[in-house]
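Here is what each chain is made of, one letter per residue.
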Amino acid sequence: MAPIRVGFMGLPAAGPTGRLGAWGVRAHLPGLLKSPHYEITAVSNSTVESSKAAIASHNLGSSVKAYRAEDIVNDPDVDLIVCSATFTKHYELLKPAILAGKDIFVEWPIVGNLKETEELTELAKSKNVKTMVGAQARADPLVGKLKELIDGGKIGKVNSSIVTGTFNLFPVWPESMKFFADENSGCTNVTVIFGHFLDSFIHVLGNFESVNSVLAIDTTSFKIKRDDGTTYDIPKTTSDTAFLQGKLASGAVASINFRHAFGDAVDNVRLRWLITGTEGEIEVTDPTPMWQFGAPGRKLTFRATGGEAESIDFTSVEEEYVSSLPFPAPNTARVFDAFAKGDTDKYADFEKALETYRVVDKLRAQRL
């Protein structure tokens, strides 16, 4: 089968990892370059010049075409648009691409509000466009093993689930990411960090039937660093604490609580997920706050009622090019690999992502 031809939106030239667009370089590009299922045929940035610079910087080859952002969707040699552009540009970039009939990969969240998420989801459906959303943890072997255990009845009927997690607040933020301080931007700890985990939670245990939630703001300013190294403070209106409780469609009850720990967690566990059933309990721990990365050091533990705790191996057999990729590229590569193979259980399309976003939207409505 011929490779899927990729038009890459938002690919910067090589440079510091903290700058805008670096996620596309670190997480998307390595897997796309090694995968036998994809071929990058075009790059688009804000200018043709910056697109050419990115192509040269990453040695993509002279056959790769350079575009301004809005022009790439008209290229007949592009099958799939991979959008790793700044979050605030998602809507204006994605809508023309969908109208042009291009398949889409976009980072989570799709856009910054429920109305536009619903609009683009419906538009993609009407245009018969295939979609992927970068909720990378769905493709993570740990999440796959966890879902296998739950679906297979390892702990019997699930009665409850309790999650405690932490948000990642840097002491200084790059100027290109200052929108993260603005609740109205739609790109916040709640929509991104909490949302990434929530997508996995719903994937494994099912959606909420009813919810109650609380959000609170603990810090009211962000320190921003200019390109010249100087800093300044801006107001922060985004939440640092998020509590979500409710009943799942399965009948189980759940509580998901994230907080800003103001440093390291007391036990160095940044996320703990307990799932309790009639025949046992499962615990997942992650030493990092970035669930979707699939970082080293995570643990999956099972204890049957009356038994001893045992560690569960969640490594999986996969193509060598995926497992050999540098961190944090593997999970994104797994999403692309699943899409190419039609394995829809390992990635979220727009419709699945919309289900998760509707819960996030209910959470965001409850501000203290």
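Preceding block: the structure.
The structure reproduced in this document is the subject of the present report. Computed from a predicted structure; not experimentally measured.

Focus on the packing of helix H5 (residues 141-151) against helix H6 (residues 190-205)
The interhelical angle for the contact between H5 and H6, taken along N-to-C directions, is 30°, at an axis separation of 9 Å. Relative to H6, H5 is oriented roughly parallel. Between H5 and H6 the crossing geometry is right-handed. Residue-level inspection shows Val143, Leu146, Lys147, Ile150 and Asp151 of H5 in contact with H6, the latter providing Ser200, His203, Val204 and Leu205. Of the residues assigned to the contact of H5 with H6, the class counts are five nonpolar, two polar and two charged.

Description of the side chain of His203
Summarising the element assignment, His203 is placed in helix H6. Residue classification places His203 among the buried residues on the basis of a relative accessible area of 10%. Other than its neighbours up to four places away in sequence, His203 contacts Arg138, Val143, Lys147 and Asp345.

Side note on the pairing of strand E15 (residues 280-286)
Of all seven residues making up E15, five are buried, and the element is well covered by its neighbours. Both strand E14 (residues 271-277) and E15 contribute to a ladder of seven bridges, which runs antiparallel. Note that in E15 the partner of Thr276 across the bridge is Glu281. Where E14 folds back on E15, the antiparallel hairpin that results is connected by two residues.

A short note on H6
Within H6, the axis deviates most sharply at His196, by approximately 30°. Of all 16 residues that make up H6, 16 are buried, and the element is covered over most of its length. One or two steps after H6, the chain reaches Gly206, where phi turns positive at roughly 95°.

A short note on the sheet that holds strand E3 (residues 65-68)
As summarised here, the arrangement of the six strands in space is E3-E2-E1-E4-E5-E6, forming an open sheet in which the pairing is parallel. Of all strands in the sheet, those with a lone pairing partner are E3 and strand E6 (131-134), marking the two edges. In this sheet, neighbouring strand axes are inclined to one another by 20° on average, regardless of whether the strands run parallel or antiparallel. For strand E5 (residues 103-107) and E6, the ladder comprises four bridges, and the chain directions are parallel. Across the sheet, Ile104 pairs through a bridge with Thr131, a residue of E6. Strands strand E2 (38-45) and E3 of the sheet are contacted by helix H2 (residues 48-57), whose axis makes an angle of about 145° with E3. Packing against the sheet, helix H3 (residues 90-99) makes contact with strand E1 (4-9), strand E4 (80-83) and E5, and its axis sits at approximately 165° to E5.

Looking at the packing of aromatic side chains
One pair of aromatic rings is described through two measures. These are the centre distance and the angle between the planes. Inspection of every chain in the model, using the stated rule, returns 18 aromatic pairs. Summarising the aromatic geometry, the rings of Phe167 and Phe258 are spaced 5.5 Å apart at their centres and angled 45° between planes, so their arrangement reads as tilted. Placement of Phe167 in the loop between strand E7 (158-166) and strand E8 (173-174) and of Phe258 in strand E13 (residues 253-259) is noted, with a sequence separation of 91 residues between them. Considered together, Phe167 and Phe258 belong to a single accessibility category, that of buried residues. Put simply, the rings of Phe167, Phe194, Phe197, Phe201, Phe208, Phe258, Trp273 and Trp291 touch in pairs and so form one group of aromatic residues. Sitting over the ring of Phe302, Lys154 keeps its end group 4.7 Å from the ring centre.

Calculation notes
- Residues numbered from 1 in each chain as written.
- Predicted model: local features only at pLDDT ≥ 70, side-chain atom pairs only at ≥ 80, totals over all residues.
- Heavy atoms only, no water.
- Axes fitted to C-alpha atoms, helices over the stretch in contact; angles between N-to-C directions.
- Helix = DSSP H or I, 4+ residues; strand = E, 2+ residues; numbered from the N terminus.
- Parallel < 35°, antiparallel > 145°, perpendicular 65-115°, else oblique.
- Left-handed = near helix turned anticlockwise from the far one by under 90°.
- Contact = heavy atoms within 4.5 Å.
- Nonpolar A, V, L, I, M, F, W, Y, C, P; charged D, E, K, R; others polar.
- Buried < 20%, exposed > 50% of the residue type's maximum accessible area, 1.4 Å probe, protein only.
- Pairing = 2+ DSSP bridges.
- Bend = angle between axes of the 7 residues up to and from the residue.
- Phe/Tyr/Trp six-rings, centres within 6.5 Å; stacked < 30°, edge-to-face > 60°.
- Lys NZ or Arg CZ within 6 Å of the ring centre and 35° of its normal.

By themselves, these figures tell us nothing about what the structure is for.
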